[in-house]
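Topology and contacts: notes
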Amino acid sequence: MNVIKKELDTDTATLVPLSDVHVGHRDFDESYFRSTVNWMAEKGAYTILLGDMIDGISKKDRRFENDSIDPRFRDKIDNLHHEQVKHCLKLLEPLRGAGLIIGILTGNHETTVKKQFSYDPTQVMAEALDVPVLTDPGYVVLQLDSGGSKHSARIFCTHGVFLGGRYVGGQVNRMSALANDFAADIYLGGHTHQRFLVGRHRVGLSKNFKLETRKYFIANTGSFLRTYDDKPTDTWGSRSCFSPQVPGVVRFDFYVKSKGGRRYLDIHGRE
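Residues numbered from 1 in each chain as written. Predicted model: local features only at pLDDT ≥ 70, side-chain atom pairs only at ≥ 80, totals over all residues. Heavy atoms only, no water.

1. Comments concerning the nonpolar core
In terms of nonpolar packing, the biggest core is built from 60 residues, with L92, F252 and F254 touching the most fellow members. When residues in this core are grouped by element, the largest group, seven residues, is from helix α2 (residues 80-97). Grouped together as the second largest cluster of nonpolar side chains are twelve residues, Y139, L178, A179 and I218 included. (Core = buried A, V, L, I, M, F, W, Y, C linked by side-chain atoms within 4.5 Å. Buried < 20%, exposed > 50% of the residue type's maximum accessible area, 1.4 Å probe, protein only. Helix = DSSP H or I, 4+ residues; strand = E, 2+ residues; numbered from the N terminus.)

The structure is reproduced here in structure tokens:
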């Protein structure tokens, strides 16, 4: 388990985690992903890549079927994973060029590719993006420096392979349970392709041993797949009747504020 620390010389910042993009699957909404990345680059929003950036399903996988592959990749089947990685890197270029990618974490699809083919998509992408690889689970610490006053947000990150299940309530409960064992201000997961954001509070003691109530967030970052668009073929996801998902992201805004002569970090989460 490792920690990636990102120091920012500012009193405001925005974070938009990206997960379950599945570049190479026919259901991947590339247009929406491009518009999201371009908006983030213009906004200066930072990101953490939480896995399943490529689809990575090929002939050794029981989920493999030709109709699920994006038609652009069907003639590249002999080098499918690397072609998907290259295309994903191309889509992420606006964020890489602006230095907005904090780190990358491996998803279960990349893990399967690594086990079956001794090719590690996450490591290849990390080297190309010049960012560190985050363990699963791992922490990202986002530190804002406002006039010499430093304020940190602790972000617990996991791809979320333990979150399986059809019901969002169960997924929220599993994410909530992380707070029993891991201290953080934000808990991020993915994997299920659901998107949700829950704000909760806990009571603790300040540095001066005063009672204080602090808010923390539990979030699943969603996906960029549109499983049930109008098309003449089915896929593993549609035949399994997985719940429909609409592509989208969660967003966190960080502000260093003052109250009663004390400066503190205020975090706002939104879908």
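2. Looking at helix α1 (residues 30-43)
Spacing of three or four residues puts side chains on the same side of an α-helix, whose turn is 3.6 residues. Look at α1: 20 Å from first C-alpha to last across 14 residues, which is about the 20 Å you get at 1.5 Å a residue. Looking at the packing, one finds that the buried side of α1 touches β3 (47-49) and α2. G44 lies just past α1 and shows a positive phi near 80°. (Expected span 1.5 Å × (residues − 1). Contact = heavy atoms within 4.5 Å.)

3. Points about the pattern of salt bridges
Following the criterion strictly, the structure yields 18 salt bridges and no others. Where E83 meets K86, a salt bridge forms, and the shortest distance between an N and an O atom there is 3.4 Å. Note that E83 and K86 are positioned in helix α2 at a spacing of three residues, about one turn of the helix. K86 sits in the partly exposed class, given a relative accessible area of 41%. For the salt bridge of R239 with D234, the shortest nitrogen-to-oxygen distance reads 2.9 Å. Connected through salt bridges with shared partners, the residues E30, R34, D70 and R72 form a single ionic network. (Salt bridge = Lys/Arg side-chain N within 4 Å of Asp/Glu carboxyl O.)

4. Focus on the environment of R263
Relative to the assigned elements, R263 resides in strand β12 (residues 262-270). It is 9.4 Å that separates the C-alpha atoms of R263 and K150, two residues lying 113 residues apart in sequence. One polar contact links R263 to S146, side chain to side chain, over a distance of 2.6 Å. (Polar contact = N/O pair within 3.5 Å; in protein donor to acceptor, adjacent residues only side chain to side chain.)

5. What to know about the sheet that holds strand β5 (residues 133-134)
With respect to topology, three strands assemble into an open sheet ordered β3-β4-β5, the strand pairing being parallel. Each of the sheet's edge strands pairs with one partner strand only, and the pair in question is β3 and β5. Alignment of strand β4 (residues 101-105) against β5, held across two bridges, turns out to be parallel. Counterpart to L105 in the pairing with β5 is L134. Against the sheet, helix α4 (residues 121-129) touches β3, β4 and β5, its axis set at about 165° to β4. (Pairing = 2+ DSSP bridges. Axes fitted to C-alpha atoms, helices over the stretch in contact; angles between N-to-C directions.)

6. Here's the deal with the packing of α2 against α4
Contact geometry of α2 with α4 gives a least axis separation of 10 Å together with a crossing angle of 35°. As α2 packs across α4, the resulting crossing turns out to be right-handed. Note on element contacts: α4 touches α2 through P121, V124, M125, A128 and L129, opposite H82, V85, C88, L89, L92 and R96. When the residues that make up the contact of α2 with α4 are grouped by side-chain class, the tally is nine nonpolar, one polar and one charged. (Left-handed = near helix turned anticlockwise from the far one by under 90°. Nonpolar A, V, L, I, M, F, W, Y, C, P; charged D, E, K, R; others polar.)

7. Points about the side chain of D253
The topology assignment puts D253 in strand β11 (residues 251-259). Engagement of the side chain of D253 in a polar contact is seen with the side chain of R251, the distance being 3.1 Å. Contact partners of D253, with chain neighbours within four places excluded, come to A13, T14, D266, I267, H268 and R270.

8. A look at unusual backbone geometry
Phi is mostly negative for residues that are not glycine, and the peptide bonds are mostly trans. Here D136 and P137 are connected by a cis peptide whose omega angle stands at 0°. With respect to the helices and strands, P137 occurs in the loop between β5 and β6 (138-146). Phi at H193 takes a positive value of approximately 70°, unusual for a residue other than glycine. In this fold, H193 is placed in the loop between β8 (186-189) and β9 (195-205). Phi is positive for F209, which is not a glycine, with a value near 60°. You can call F209 exposed: its relative accessible area is 68%.

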